[in-house]
Amino acid sequence: MAMKPLTIAGGGLAGLALGIALRRRSIPVRIMEAASFPRHRVCGEFISGIKADELIALNIDDLFEPAERHREIAWFDGARPMLRATLPEAAYGLSRHHLDGALAERFIGLGGELHTGSRFLGDASEGTVIATGRPRRASPWLGLKAHFKDLALDADLEIHLATGAYIGLTRVEDHRVNVSGLFHRSTPLKGGGHVLAGAAEDAGLQELAHRLRAARVDSASIKGVNRFHLGWQLQQDDSVRIGDAAVMIPPFTGNGMTMALQGALSAVEPLTKWSSGECSWSTTAADIRKNQRRMFTSRLRWARSLQWLLMKPMGRRFCAVAINKRWVSFETLYRRVR
Ligand SMILES: Cc1cc2nc3c(=O)[nH]c(=O)nc-3n(C[C@H](O)[C@H](O)[C@H](O)COP(=O)(O)OP(=O)(O)OC[C@H]3O[C@@H](n4cnc5c(N)ncnc54)[C@H](O)[C@@H]3O)c2cc1C
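Cut-offs applied
Residues numbered from 1 in each chain as written. Predicted model: local features only at pLDDT ≥ 70, side-chain atom pairs only at ≥ 80, totals over all residues. Heavy atoms only, no water. Helix = DSSP H or I, 4+ residues; strand = E, 2+ residues; numbered from the N terminus. Buried < 20%, exposed > 50% of the residue type's maximum accessible area, 1.4 Å probe, protein only. Contact = heavy atoms within 4.5 Å. Core = buried A, V, L, I, M, F, W, Y, C linked by side-chain atoms within 4.5 Å. Near = heavy atom within 4 Å. Polar contact = N/O pair within 3.5 Å; in protein donor to acceptor, adjacent residues only side chain to side chain. Nonpolar A, V, L, I, M, F, W, Y, C, P; charged D, E, K, R; others polar. 1 Å grid on protein atoms, 1.4 Å probe; cavity = no way out; pocket = protein on both sides within 12 Å on 5 of 7 lines; lining within 4 Å. Points joined across faces, edges and corners; volume = space filled by probe spheres on them. Pairing = 2+ DSSP bridges. Axes fitted to C-alpha atoms, helices over the stretch in contact; angles between N-to-C directions.

Student: For this particular structure, what's the right way to read the side chain of Thr 7?
Tutor: Relative to the assigned elements, Thr 7 resides in strand β1 (residues 6-9). The exposure class assigned to Thr 7 is buried, which follows from its relative accessible area of 12%. If sequence neighbours within four positions are ignored, Thr 7 has contacts with Arg 30, Met 32, Gly 127, Thr 128 and Val 129.

Student: What's the story with the nonpolar core in this structure? I'm lost.
Tutor: Grouped burial of nonpolar side chains is what soluble globular proteins tend to show. Residues Leu 18, Leu 22, Ile 60, Phe 64, Leu 261 and Leu 271 are the most contacted members of the largest nonpolar core, which totals 46 residues. For this core, the elements supplying multiple residues, two or more each, are β1, α1 (13-24), β2 (29-32), α3 (96-109), α6 (256-275) and α7 (281-310). If we ignore the near neighbours within four places in the chain, the residues touching Leu 18 are Ile 8, Val 129, Ile 242, Ala 264, Ala 267, Val 268 and Leu 271. Core analysis: the next-biggest nonpolar cluster, separate from the first, contains 37 residues, Leu 157, Phe 296, Cys 319 and Tyr 334 among them.

Student: Please clarify how the site of the ligand should be interpreted in this entry.
Tutor: Taken together, the neighbourhood of the ligand is formed by 32 residues, with Glu 33, Gly 44, Phe 46, Phe 120 and Met 257 sitting nearest. Here a nitrogen atom of the ligand sits 2.7 Å away from a polar atom, N or O, in the main chain of Gly 44. Here Phe 120 contributes a backbone N or O atom positioned 2.7 Å from a nitrogen atom of the ligand. It is α6 that provides the largest number of residues to the shell around the ligand, a total of three residues. Grouping the amino acids of the shell around the ligand by side-chain chemistry returns twelve nonpolar, 13 polar and seven charged.

Student: Help me out: how do you make sense of empty space enclosed by the protein in this one?
Tutor: Where empty space is left in the structure can be found by rolling a water-sized probe over the atoms. Under the criterion given, the structure shown has two cavities of 30 Å³ or more. If you add up the space inside the largest cavity, you get close to 270 Å³. Lining the largest cavity are 20 residues, and of these Trp 75, Phe 252, Phe 330, Leu 333 and Tyr 334 lie nearest its centre. Elements that contribute at least two residues to the lining of the largest cavity include exactly β4 (68-77), β5 (80-93), β9 (157-162), α7, α8 (313-324) and α9 (330-336). Taken as a whole, the second largest cavity holds about 40 Å³ of empty space. In terms of lining residues, the second largest cavity is bounded by Gly 243, Asp 244, Val 247, Met 248, Ile 249, Gly 256, Met 259 and Ala 260. Counting only elements with at least two residues in the lining of the second largest cavity, the list comes to β15 (247-248) and α6. For the lining of the second largest cavity, the leading source of residues is α6, giving three residues. Residues that form the lining of the second largest cavity fall into these classes: five nonpolar, two polar and one charged.

Student: Sorry if this is basic, but what is going on with the sheet that holds strand β11 (residues 176-184) here?
Tutor: Strand pairing in a sheet relies on backbone hydrogen bonds, with the paired strands running either antiparallel or parallel. Taking strand neighbours across the sheet as the criterion, the eight strands line up as β3-β5-β4-β9-β10-β11-β8-β12 in an open arrangement whose pairing is mixed. This sheet does not close on itself; its edge strands, each paired only once, are β3 (46-47) and β12 (216-226). Sheet topology places β4 next to β5; nine bridges connect them, and they run antiparallel. Bridging across to β5, Phe 76 finds its partner in Pro 81. Set on the sheet, α7 makes contact with β4, β5, β8 (141-149), β9, β10 (165-172) and β11; between it and β9 the angle comes to about 60°.

Student: Would you mind going over the sheet that holds β2 with me for this structure?
Tutor: Taken together, the five strands give an open sheet; going across it, the order is β6-β2-β1-β7-β14, and neighbouring strands pair in parallel fashion. Bordering the open sheet on either side are β6 (113-115) and β14 (240-241), each of which pairs with just one other strand. Examined bridge by bridge, β2 and β6 share three bridges and lie parallel to one another. Paired with Arg 30 across the bridge in β6 is Glu 113. Sheet contacts for α3: β2 and β6; angle to β6, the most-contacted strand, approximately 135°.

Printed below as a string of structure tokens:
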């Protein structure tokens with residue numbers, strides 16, 4: 001039986017993972033990607049909460065072999081140690097530079113059509129999946145990331161919290177350390193190659209800024225984004241959206257990439273049915289939206305409340321006391337945001 005073809009707008013994590021899974025079912029897929037590969041992206045590159053069977057179902061489990069495995073985390077409130085914990089399951093540390101390139105290669109190897117340097121300008125009409133990442137919307141958030149060398153870490157993941165900002169540090173492949181942060185601000189940053197150190201300093205994280213200045217930054221990896229909105233994104237009826245184009249969880253959770261992959265996975269069955277003519281596009285779109293609401297609503301609510309607390313001095317103190325005195329376990333909170 002001839003399967004109806006699909007177009008995916010956006011060849012990031014969500015779009016490529018979906019494209020691979022659909023090609024495995026012999027569905028004709030074309031991906032339009034505005035940029036080219038390999039490329040650096042703003043992302044902490046700490047991937048937590050994804051299950052081995054989800055990676056297997058997407059046919060991408062082997063692509064995670066070069067990843068670092070992370071268990072030990074350390075949180076700091078300014079310069080003060082706040083919390084140390086062991087994750088209940090290992091997280092992955094893998095750069096988007098590597099991962100997106102490997103996904104693109106796999107998609108092409110499975111007979112997918114990948115058009116790079118090709119911006120999708122059409123509507124989210126029947127047969128098109130929107131995976132174009134965060135929609136641009138006015139907001140006070142700024143995200144930054146860079147790779148560093150010669151930067152020793154105190155744990156597999158360090159998170160440094162300040163008022164209106166946080167910065168995470170973790171190892172990715174090739175002895176690199178990813179440093180990425182979220183900043184609530186309206187003024188532009190200065191500092192060229194040391195833009196992350198400058199942002200840390202502005203946020204009151206002087207010791208971290210000093211460590212970053214003493215390390216070697218890969219200037220090609222410095223990336224920044226602004227104008228994005230955390231939470232559910234605006235949805236038109238009948239449009240199929242996955243990844244950040246549908247929903248963005250606060251980055252401190254290290255769960256955004258997992259949600260992009262899980263969103264892709266949740267769309268495979270409904271899109272296969274549409275492609276084989278078993279159901280209409282509006283039913284397909286409604287099923288995918290329902291799947292994502294069921295999977296993501298609760299973790300998103302928890303993540304937004306926790307981020308709100310962590311961005312305030314009193315909130316940070318409360319969280320530290322609550323966990324250290326075992327009013328609530330770290331593992332319970334970890335599970336709530338995954
Ligand atoms: C500061 C920060 C730190 C983060 N840290 C982490 C972390 O540590 N762990 C984690 O799991 N998540 C993290 N995230 C979130 C994570 O990066 C995203 O959730 C993830 O990248 C979403 O993947 P995506 O495929 O939906 O979007 P993207 O990866 O953004 O891909 C979208 C793609 O669409 C392309 N595109 C856009 N418009 C068009 C168009 N019109 N036509 C064609 N192509 C188009 C873009 O070029 C891009 O390649 C972080 C986010 C931020 C902002």
